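Structural characterization, general
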Amino acid sequence: MSSLFHMRQLYSSCYPRKFLSSRQLKHFTSPRCQFSTWNKQISRFLKKNKGLSLKTFQSIRGTTTQVATAPFSRQQKIIGGWLFGCAGMCVGAVILGGVTRLTESGLSMVDWQLIKDMKPPRSQQEWEEEFERYKQFPEYQYIIKERDFSLSDFKFIYYMEYAHRMWGRMVGVAFLVPAAYFLSKGWINTGLKRRLVLNTALLGFQGFLGWYMVKSGLKEQTLPTDVPRVSQYRLAAHLGSAFILYTLFLWQGLTQFIPINNLPNTSQMRRLRIMAHSIKGLIFVTAISGAFVAGLDAGLTYNSWPKMADRWIPSDLLAISPTWKNFFENPTTVQFDHRHLAESSVLLIAIFWYMSRSAPLPPRMRMAVNALLGMGLIQASLGISTLLTYVPTPLAATHQSGSLVLLSIAVWLTHEFRRLPK
């Protein structure tokens with residue numbers, strides 16, 4: 001009877017205008033009520049009493065497993081679908097950005113204006129004026145000028161950069177407009193509100209980083225031998241912030257759909273949880289090192305594998321002084337680092353897969369582990385193929401997209417390792 005009284009008192013304090021019958025209370029607190037029955041009863045009751053929070057039931061029984069596995073509301077599913085859509089938009093932006101970089105289109109738009117940029121040149125005269133502006137900058141003067149580069153060629157690279165910028169603006173609209181609507185409807189709780197503020201800040205910062213990166217390629221080069229290109233540091237920061245924004249959207253979307261697993265609190269499970277997060281971090285670092293490879297065109301320095309020009313350690317690995325600059329400015333070192341980070345990622349994933357075989361993982365979690373291993377092998381094969389074929393644009397773009405898929409699976413896996421709330 002004490003549990004019945006406690007539940008009625010707790011419920012009345014939260015919802016004074018609603019009443020729970022003794023029969024309903026007995027269904028919720030009976031020791032014979034198994035987890036599956038509990039969830040079904042909670043589901044039926046929530047459908048009849050809209051607005052009831054799952055937190056109301058959290059302290060009724062001795063574990064939060066029931067609350068964690070309770071069905072999600074319609075509003076949560078709508079918000080989850082919206083967050084998944086924003087994550088998908090980020091994927092499109094990353095792919096477009098990679099193709100823009102690979103086709104050397106990123107410096108074709110030589111200014112940045114939030115509204116004016118949305119209208120491309122239309123008439124022949126406007127296109128010729130835009131082309132003349134492009135000719136004032138180093139990329140054309142030191143590289144493009146030597147080629148047979150026509151106005152139609154300029155239109156192609158201009159539209160590539162234009163598409164990338166417009167897609168970035170569309171990501172902002174796809175996030176901010178629904179966010180304002182959901183906030184006005186009261187569908188977003190306090191925890192998610194804080195995360196949405198972070199997402200908004202990252203979106204604005206991402207736009208700033210994009211122009212900050214392009215601006216570095218429009219400056220006159222320090223030395224006559226320098227190739228006009230965007231700063232590899234700013235490129236890595238731009239890509240890294242895009243990956244962070246994407247993973248935040250993905251994680252928050254998964255939280256709206258996937259309940260927390262009731263995993264045993266054993267040393268084996270703790271080790272696997274730590275390894276899963278370590279793998280996610282290593283995949284992210286490997287992807288950022290790939291941005292340095294792209295920024296320095298380091299994929300064209302040594303096009304052999306597993307050795308680099310018949311040597312395990314190339315002779316020019318530390319050719320730049322001071323030594324630390326080699327890891328960010330020496331194409332040989334940058335490629336060397338990216339190779340071995342990728343190989344370490346695949347090795348760690350394989351070890352994790354082997355260690356998890358004996359662990360009591362739920363089916364969905366086991367699927368994530370197997371997917372991680374499979375995608376890790378595919379991504380490694382794509383990287384090696386890209387290197388051996390001298391970085392063709394379609395294969396290189398697929399390799400970059402593969403890194404995002406691999407990171408997505410790692411995020412999914414670590415999400416499955418979430419702990420039950422205390």
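All of the points below concern the structure found in this document. (Residues numbered from 1 in each chain as written. Predicted model: local features only at pLDDT ≥ 70, side-chain atom pairs only at ≥ 80, totals over all residues. Heavy atoms only, no water.)

**Concerning helix α14 (residues 363–388)**
Between the first and last C-alpha of α14 there are 38 Å, a value that for 26 residues agrees with the 38 Å anticipated at 1.5 Å per step. Of all the positions in α14, only M365, A368, V369, L372, L373, M375, G376, Q379, L382, T386 and L387 are classed as buried. Buried residues in α14 make contact with α11 (267–295), α13 (331–356) and α15 (393–416). The positive-phi residue at the C-terminal boundary of α14 is Y390, with phi of around 65°. (Helix = DSSP H or I, 4+ residues; strand = E, 2+ residues; numbered from the N terminus. Expected span 1.5 Å × (residues − 1). Buried < 20%, exposed > 50% of the residue type's maximum accessible area, 1.4 Å probe, protein only. Contact = heavy atoms within 4.5 Å.)

**What to know about the pattern of salt bridges**
Within the structure shown, the criterion is met by six salt bridges. Where R229 meets D297, a salt bridge forms, and the shortest distance between an N and an O atom there is 3.2 Å. A residue pair is termed long-range when its members are at least 10 positions apart, and R229 in the loop between α9 (190–217) and α10 (232–257) and D297 in the loop between α11 and α12 (326–329) qualify at 68 residues. The salt bridge partner of E416 is R364, with a shortest N-O separation of 2.6 Å. Separated by 52 residues along the polypeptide, E416 in helix α15 and R364 in helix α14 bring together distant segments of the chain. Of the residues examined, E416 reaches a relative accessible area of 1% and is grouped as buried. A relative accessible area of 29% means that R364 is categorised as partly exposed. Salt bridges sharing common partners tie together R101, R229 and D297. (Salt bridge = Lys/Arg side-chain N within 4 Å of Asp/Glu carboxyl O.)

**Digging into the side chain of S108**
Residue position: S108 is located in the loop between α5 (74–102) and α6 (124–134). Since its relative accessible area comes to 1%, S108 is described here as buried. Among the polar contacts made by the side chain of S108, one reaches the main-chain carbonyl oxygen of S105 at a distance of 2.8 Å. Within the structure, the side chain of S108 is placed 3.0 Å from the backbone oxygen of I157, a separation counted as a polar contact. The contact partners of S108, leaving out residues within four places of it in the chain, are Y134, F154, I157, Y158 and E161. (Polar contact = N/O pair within 3.5 Å; in protein donor to acceptor, adjacent residues only side chain to side chain.)

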